Amino acid sequence: MSRIPLYFALAACLATMPLHAKKDKNPPAPAKPAPYPSTYRAIVSAPVLLRNATVLTGTGERLDNADVLMQDGKIAAVGKNLDAPANARSVDATGKWITPGIIDIHSHLGVYASPGIAATGDGNEATNPVTADVWAEHSVWPQDAGFAKALAGGVTSLQILPGSANLVGGRSVILKNVAAETTQAMKFPNAPYGIKMACGENPKRVYGEKGGPSTRMGNVAGYRQAFMDAQGYRRQWDDYNAGGRRGDAPEQSLKNDTLAGVMRGDITVNIHCYRADEMAQMIDLSKEFGFRISSFHHGVEAYKIADQLAREDICGALWADWWGFKLEAYDGIEENIALVDRAKGGCAIVHSDSSEGIQRLNQEAAKVMAAAKRVDIDIPPEHAIAWLTANPAKAMRIDAMTGSLSPGKMADVVLWNGTPFSTFAKAEQVYIDGALLYDRGNKALQPKVDFLIGQEAQP
Amino acid sequence: MKRHLLTIGLLAMASVADAQNVLIKNATVHTASAKGSLNNADVLVQGGIIRAVGPNLANPANVPVFDARGLPLTPGLFGGISDIGLEEISQEETTRDANLDLKTGESGLIENLRPEFDATLAYNPRSTLLAVARVGGMTYTALGTSGALLAGQGGVMRLDGGDEPMRRTPYIIIGNNSLGQSGASRAAQFMLLEQAFKEARAPTPGDERLLTSAGRRVLGQEILSDRFLVYVNREADIRQVLKLAASQGIRVALVGAAEAWRLADTLATRNIPVFIDAMDNLPASFDQLGATGNNAALLQRAGVSVSFFNGNDASHNARKVRQIAGNAVAEGLPWQAGLAGITSAPAKALGVDARIGSIEVGKTADLVLWTGDPLDVASTAAGMWLAGKATPLVSRQTLLRDRYLAPDNGLPRAYRQ
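Residues numbered from 1 in each chain as written. Chains lettered and ligands numbered in written order. Predicted model: local features only at pLDDT ≥ 70, side-chain atom pairs only at ≥ 80, totals over all residues. Heavy atoms only, no water.

Enquirer: Before we move on, can you summarise empty space enclosed by the protein with the specific residues and values?
Expert: Counted by the stated rule, this structure contains 5 cavities of 30 Å³ or more. What the largest cavity holds in volume is close to 240 Å³. What lines the largest cavity is a set of 20 residues, and nearest its centre among them are Asp321, Glu334 and Lys367 of chain A together with Arg319 and Arg322 of chain B. In terms of residue count, the dominant contributor to the lining of the largest cavity is helix α10 (residues 361-374) of chain A (5 residues). When grouped by side-chain class, the residues that make up the lining of the largest cavity number 9 nonpolar, 4 polar and 7 charged. (1 Å grid on protein atoms, 1.4 Å probe; cavity = no way out; pocket = protein on both sides within 12 Å on 5 of 7 lines; lining within 4 Å. Points joined across faces, edges and corners; volume = space filled by probe spheres on them. Helix = DSSP H or I, 4+ residues; strand = E, 2+ residues; numbered from the N terminus. Nonpolar A, V, L, I, M, F, W, Y, C, P; charged D, E, K, R; others polar.)

Enquirer: Any chance you could break down the nonpolar core for me, citing the residues and the numbers?
Expert: Met282, Phe296 and Trp387 of chain A are the most contacted members of the largest nonpolar core, which has 90 residues in total. Setting aside residues up to four positions removed in sequence, Trp387 of chain A forms contacts with Ile337, Asp341, Ala348, Ile349, Val350, Ala365, Val368, Met369, Ile379 and Pro392 of chain A. Counting 80 residues, the second-largest nonpolar core is a separate cluster that includes Leu86, Val132, Leu149 and Ala337 of chain B. (Core = buried A, V, L, I, M, F, W, Y, C linked by side-chain atoms within 4.5 Å. Buried < 20%, exposed > 50% of the residue type's maximum accessible area, 1.4 Å probe, protein only. Contact = heavy atoms within 4.5 Å.)

Enquirer: Mind laying out the sheet that holds strand β10 (residues 227-232) of chain B, listing which residues take part and the relevant values?
Expert: In any sheet, the strands associate via hydrogen bonds between backbone groups, in a parallel or an antiparallel arrangement. Residues and elements named next belong to chain B. Ordered in space as β6-β7-β8-β9-β10-β11-β12-β13, the 8 strands form an open sheet in which the pairing is mixed. Sheet topology places β6 (77-82) and β13 (306-308) at the edges, where each strand pairs with a single neighbour. Averaged over all pairs of adjacent strands, the angle between their axes in this sheet comes to 25 degrees, without regard to strand direction. As judged from the 2 bridges shared by strand β11 (residues 251-256) and strand β12 (residues 274-276), these two strands associate in the parallel manner. (Pairing = 2+ DSSP bridges. Axes fitted to C-alpha atoms, helices over the stretch in contact; angles between N-to-C directions.)

Enquirer: Account for the state of the cysteines, naming residues and giving values.
Expert: All names here are of chain A. Across all of its chains, the model carries 2 disulfides over all chains by this definition. Sulfur-sulfur distance for the disulfide between Cys199 and Cys273 comes to 2.2 Å. Note on the Cys199 and Cys273 pair: the S-S dihedral is about -90 degrees, so by sign convention the disulfide is left-handed. Placement of the pair is Cys199 in the loop between β10 (194-198) and α4 (201-207) and Cys273 in strand β11 (residues 268-273), with a sequence separation of 74 residues. For the residue pair Cys199 and Cys273, the accessibility class agrees, reading buried in each case. Each disulfide pairs two cysteine sulfurs, and for Cys315 the partner residue is Cys347, the sulfurs being separated by 2.1 Å. What sets the handedness of the Cys315 and Cys347 disulfide is the S-S torsion sign, and at about 85 degrees it is right-handed. Of this pair, Cys315 sits in strand β13 (residues 315-318) while Cys347 sits in the loop between α9 (336-342) and β14 (348-350), and the two are 32 residues apart along the sequence. Note on Cys315: relative accessible area 2%, which makes it buried. Here Cys347 falls in the buried class, since its relative accessible area comes to 4%. Here chain A pairs its bonded cysteines, counted in sequence order, in the arrangement 1-2, 3-4. (Disulfide = S-S within 2.5 Å.)

Right under this line is the structure:
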């Protein structure tokens with residue numbers, strides 16, 4: 001992203017030297033537009049006023065008997081007794097709760113779609129331990145029935161990641177959870193890319209008998225070599241860009257483009273990593289190559305280094321209670337998220353990694369709150385909601401656009417039948433950019449993917 | 001704070017060695033029986049057995065009193081069909097014992113038709129999974145085995161550290177999950193089952209090809225009267241299972257049963273219980289295109305006995321069965337049926353209801369006290385009694401938690417006990 005402004009700055013500079021420019025036999029190459037751009041367009045809708053609800057803003061506040069006004073696809077106002085434009089649709093939300101749209105930072109919807117068969121297994125390019133060149137968006141199948149179920153659970157944005165077979169799995173894509181025929185039409189506009197990396201057992205297991213890495217030290221050597229290779233590449237391109245893109249462009253490499261983007265800070269870093277000691281190694285890796293880790297994913301041992309994660313400003317994107325399926329997940333505890341959260345400056349995220357879990361991230365958070373209570377850690381709803389809204393937005397660097405109910409943000413909003421932190425909570429209405437795209441009481445506002453059309457087994 | 005004190009109270013009680021007497025006063029007793037829920041009720045336990053349930057019970061001598069302060073009390077919960085004690089770490093082969101994986105030649109038939117395989121022989125009651133399940137309020141489970149078409153036997157196990165199954169349960173696996181090992185066709189699965197039952201019942205001398213002699217004995221005699229737990233999802237396959245059950249005269253319960261709601265009336269008429277994962281609402285395979293979150297509610301409304309199990313992370317997250325039941329309630333199942341689905345209904349379907357599954361006089365006193373609605377994830381187990389014995393809600397997980405919560409004492413955490 002930083003390359004483009006640099007190029008424009010140089011171009012402006014050159015424009016003041018017309019003589020030179022006219023005779024230039026070596027003109028600057030034009031900037032290429034970002035490929036595979038988002039074609040998402042918000043659905044236009046009249047203003048909506050949700051009245052008299054308990055509102056969790058995502059910014060730590062709880063407002064009782066408050067209203068939320070959505071207008072032109074944005075949050076227009078939150079507060080008591082709001083005035084609405086004449087054309088606003090007014091919804092009595094008495095007794096109900098309102099939160100920002102839920103954001104899942106770790107989903108494989110579309111890349112491991114339902115039905116889970118070989119034909120839909122598009123999440124791991126398990127042919128090379130470093131596939132920084134692959135982009136998850138080129139695997140996403142928009143007809144995955146899981147998207148609609150996630151929407152019914154209040155999910156309005158989600159990051160689709162490659163799987164964890166590889167040391168570097170490839171680029172993620174952030175989607176708005178809208179039904180569409182193409183992935184581009186779901187792609188969150190102006191969201192940065194993420195990269196998926198993986199520690200520990202998975203790469204070891206997948207590549208142990210396919211040429212390696214077969215050990216954790218092999219894993220770390222693999223990351224280091226990949227970034228070392230990309231350093232030279234980055235330098236060549238940075239020099240070329242700084243020199244006004246004249247002469248022959250350096251050779252382009254998809255793989256190194258992504259890794260260079262990571263080192264430039266353009267691409268957020270998501271690392272699948274379970275053990276505390278391995279997370280610490282990855283932090284040192286990030287320092288060796290000068291990038292920032294945005295979030296550790298799964299991190300079942302994050303509680304062991306909660307203070308260090310907070311100090312490094314790294315979020316823990318975690319499950320409420322998964323454990324034991326691998327040795328590196330053996331030390332899981334039900335208070336993991338609460339302990340990461342409670343560290344000073346800690347950033348806890350509830351993630352799903354599951355087509356079932358993504359439907360009930362609110363319940364996952366409720367489990368954590370209940371477990372924390374057993375050890376006298378009281379977490380109020382207005383705080384916990386950030387685990388599924390503002391914190392993932394921050395880690396995905398879309399927090400200027402969504403993740404809270406602050407005026408001016410995208411009107412991504414969930415209306416719940418009561419407190420979200422309960423088994424019995426249900427998202428009644430889900431708004432994306434101000435448009436009502438899920439209504440539990442209205443079948444006409446419940447999307448159904450093509451795959452399920454005409455399936456007589458369906459209800 | 002209140003909850004914490006309660007737990008401590010129970011811990012103190014646990015130090016009274018082997019005390020199996022207790023009078024639990026002032027609980028909201030969810031009996032999971034025809035009596036439903038009783039407010040301000042007491043439960044008297046003597047010798048590990050429930051002796052009385054009702055208001056204002058007298059306190060016999062030498063019976064300690066526990067004041068529940070109005071909190072909900074339920075029977076110990078069913079942890080689903082799991083590999084608890086049969087699997088420590090899912091991806092570590094050396095810690096997994098639930099499924100038979102004999103290499104017996106190319107056909108693999110003998111491997112797949114081993115009804116004599118008894119997974120409970122590998123049960124390890126010291127597995128960390130037991131205590132984790134107990135912390136979640138689970139007190140019994142059905143050990144499963146699912147490696148093949150005629151997978152063998154599991155058993156019903158109380159999670160009290162004993163290793164004797166209350167009874168054994170034979171398994172049959174239909175559909176996707178055993179297709180690769182049974183002729184690559186659902187039709188082959190039913191063909192093989194039919195032939196195996198026939199061979200077990202009336203072997204033709206010299207033509208015994210499918211089963212071992214032990215297998216014939218087990219299938220033809222020992223387990224024939226037990227209820228077979230049949231993993232099956234697709235409506236058409238369920239129909240064939242019902243035909244098989246009728247033709248072979250065996251009793252079955254359906255497990256998975258994603259499309260069972262389509263046959264709800266038939267299942268009710270034929271008294272066939274189902275074990276379902278109420279959170280399976282996606283077309284996860286071509287066997288489950290009709291999966292819906294309403295499955296439990298539709299079945300129950302038709303009169304089918306509905307029990308719950310965790311179809312995905314069955315062992316390590318057995319505790320999730322409670323959330324699964326709660327979600328079925330959120331999707332329209334009556335609350336009492338939701339509770340029954342993780343207490344009395346599975347006990348009955350598994351044939352252990354004479355001893356466990358409800359708070360009724362004469363039953364084993366496996367009881368759990370809750371901080372709130374036991375079907376809501378916002379609640380946690382606050383106390384547990386196994387056969388009347390107060391059982392600390394401590395697991396490897398709570399101990400790790402406490403180690404990392406403890407204040408720094410200048411030494412590495414490894415010195416914190």
